[in-house]
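# Observations on the model geometry
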Amino acid sequence: MKLAVLLPNWVGDACMATPTLRALRLGIPNLQEFCWIGRPGPLMVLDGLNWADSTIAYKARAGGKDPMGRRSLIRELRRRRFDAIVLLTNSLSTAAMAWLGGVSRRVGYNRDGRGLLLTDRIPVASTSLDARRDPCIDTYLRLAQALGCSTSDRRMQLATTALDRSMADELWASLKFHADRRTVLLNTGAAIAQTKRWPIQHAVTAARMLSREHGCQVLVHCGPAERDIANAIEQQADDPRIRSMGHTPALPLGLSKAAIERSDVVISTDSGPRHMAVAFDKPTVSLFGSIAPTLTQTYNQPEHIVTLGLSCQPCGSYTCPLKHTRCMNDLDPQRVVRAAIASLQAARPAHRTAI
């Protein structure tokens, strides 16, 4: 069988799809080709895993050849003649592309008016399962189960490449970080959600406590759009053991993965780095605001979830309907630091699937 998978659109969701990708790789007999189709970000975060035979970079409004746009992807699907495609996305447009691309078997959830475009219409809800409310990992795995794959292993998994690790070596050297000192990676941002961001001053206080009271070196993580925030945390902390990634000229996802992999504990908002940390079996402290932690429940090492439990939580909104964002603004740094130290002390050896 020649099998394609259309990956989720976000980095964190791609991490949560790794149990499904592993189940498909191991569970489909006579798998001649396994192709991953996705936006550049999800494909980058999955780089290093050896489960795919090929990949296709896709972006809905792309103008060039790499990544492909919708029309180019449809032509490529027709050219490659896949026997089946698993749609981890839920949109009508992606189901239409699979249908127009001539893929004979199209597996996805029967929702958003796209049922007629699918051959294997997986119901959104059944007696005990609901794809709208169940943990994302389990929702993806139901699609692999529809193809007869075992879905008992629900742990996320990522890998780094030699280039990723080399970039992390260079970063550690440039920041004058010591290999024998405990490292805390601190991620305060979120790409699209105000209600997922932790205030700068809280991050400064937490970083100082970790450095001065617990002897840790703190790496303030950021993506290209968050450089100013990360650099401001470093500047306000005014401690040589608290450094920002924001001074690094390039910030590819591979560097983020390798930095997380070599950290001892990760403190993160509910965003991509949180999912990466869990996938690397790192002790992880996850800060939750408006989104219910149950929707992105994970099954690796137990996460330490920190949330206030306000009467307005979880509202599910990316901007605060009450205009105060107390769910993140009132999340005190002392509580977060206590959770980080407890997670460090409770860390257990990681277990990996051999594949």
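Below is a summary of the structure that appears in this document. (Residues numbered from 1 in each chain as written. Predicted model: local features only at pLDDT ≥ 70, side-chain atom pairs only at ≥ 80, totals over all residues. Heavy atoms only, no water.)

### Here we look at unusual backbone geometry
Put simply, Q313 and P314 share a cis peptide bond, and its omega is -15°. Locating P314 in the fold gives a position in the loop between β12 (304–306) and α12 (326–329). Even without being a glycine, D238 presents a positive backbone phi close to 50°. Summarising the element assignment, D238 is placed in the loop between α9 (227–237) and β9 (242–244). (Helix = DSSP H or I, 4+ residues; strand = E, 2+ residues; numbered from the N terminus.)

### Thoughts on the environment of V218
Within the secondary structure, V218 is located in strand β8 (residues 217–220). Of the residues examined, V218 reaches a relative accessible area of 0% and is grouped as buried. Once residues within four sequence positions are removed from consideration, V218 is found in contact with F177, V184, L186, A207, L210, R241, I242 and R243. (Buried < 20%, exposed > 50% of the residue type's maximum accessible area, 1.4 Å probe, protein only. Contact = heavy atoms within 4.5 Å.)

### Regarding the pattern of salt bridges
Across all of its chains, the model carries 20 salt bridges by this definition. Note that D130 is salt-bridged to R133, the shortest N-O span being 2.7 Å. On the basis of relative accessible area, D130 is assigned to the buried category, the value being 12%. The exposure class of R133 is exposed, given its relative accessible area of 59%. (Salt bridge = Lys/Arg side-chain N within 4 Å of Asp/Glu carboxyl O.)

### Focus: the sheet that holds strand β1 (residues 2–6)
Pairing is parallel in the open sheet, where six strands are placed in the order β3-β2-β1-β4-β5-β6. Looking at the sheet topology across the chains shown, the edges are occupied by β3 (54–57) and β6 (120–122). Across this sheet, the average inter-strand angle for adjacent strands is 15°, counted without regard to direction. Direction of pairing for strand β2 (residues 33–38) relative to β3: parallel, over a ladder of four bridges. When the bridges of β3 are listed, G38 appears paired with A57. Docked against the sheet, helix α6 (residues 136–145) engages β4 (84–87), β5 (105–109) and β6, running at close to 150° with respect to β5. (Pairing = 2+ DSSP bridges. Axes fitted to C-alpha atoms, helices over the stretch in contact; angles between N-to-C directions.)

### Regarding the layout of surface pockets
Empty space among the atoms can be located by rolling a probe the size of a water molecule over them. Empty space within the second largest pocket amounts to approximately 160 Å³. Residue lining of the second largest pocket: 13 residues in total, with L171, S174, T248, P249 and L255 positioned closest to the centre. Tallying contributions element by element places helix α7 (residues 162–175) first for the lining of the second largest pocket, with five residues. Grouping the amino acids of the lining of the second largest pocket by side-chain chemistry returns seven nonpolar, four polar and two charged. (1 Å grid on protein atoms, 1.4 Å probe; cavity = no way out; pocket = protein on both sides within 12 Å on 5 of 7 lines; lining within 4 Å. Points joined across faces, edges and corners; volume = space filled by probe spheres on them. Nonpolar A, V, L, I, M, F, W, Y, C, P; charged D, E, K, R; others polar.)

### Focus on helix α13 (residues 333–346)
Over its 14 residues, α13 extends 20 Å from the first C-alpha to the last, a length consistent with the 20 Å expected when each residue adds 1.5 Å. Along α13, the residues that are buried comprise P333, V336, V337, A339, A340, I341, S343 and L344. Of the surrounding elements, those touching the buried residues of α13 are α8 (200–212), β10 (265–269), β11 (284–287) and β12. (Expected span 1.5 Å × (residues − 1).)

### Digging into the packing of aromatic side chains
Two aromatic rings are characterised by how far apart their centres lie and by the angle between their planes. Using the criterion set out here, one finds two aromatic pairs in the structure. A ring pair is formed by F34 and W36, whose centres lie 6.0 Å apart and whose planes are at 90°; its orientation type is edge-to-face. For F34, a relative accessible area of 0% puts it in the buried group. W36 gets classed as buried once you look at its relative accessible area, which sits at 2%. Measuring from ring centre to ring centre gives 5.7 Å for W172 and F177, while their planes differ by 90°; the resulting arrangement is edge-to-face. A cation sits over an aromatic face here: K2 above F82, 5.6 Å from the ring centre. Positioned over the ring face of Y299 is R154, at 3.8 Å from the centre of the ring. (Phe/Tyr/Trp six-rings, centres within 6.5 Å; stacked < 30°, edge-to-face > 60°. Lys NZ or Arg CZ within 6 Å of the ring centre and 35° of its normal.)

So yeah, pure geometry; function would need other evidence.
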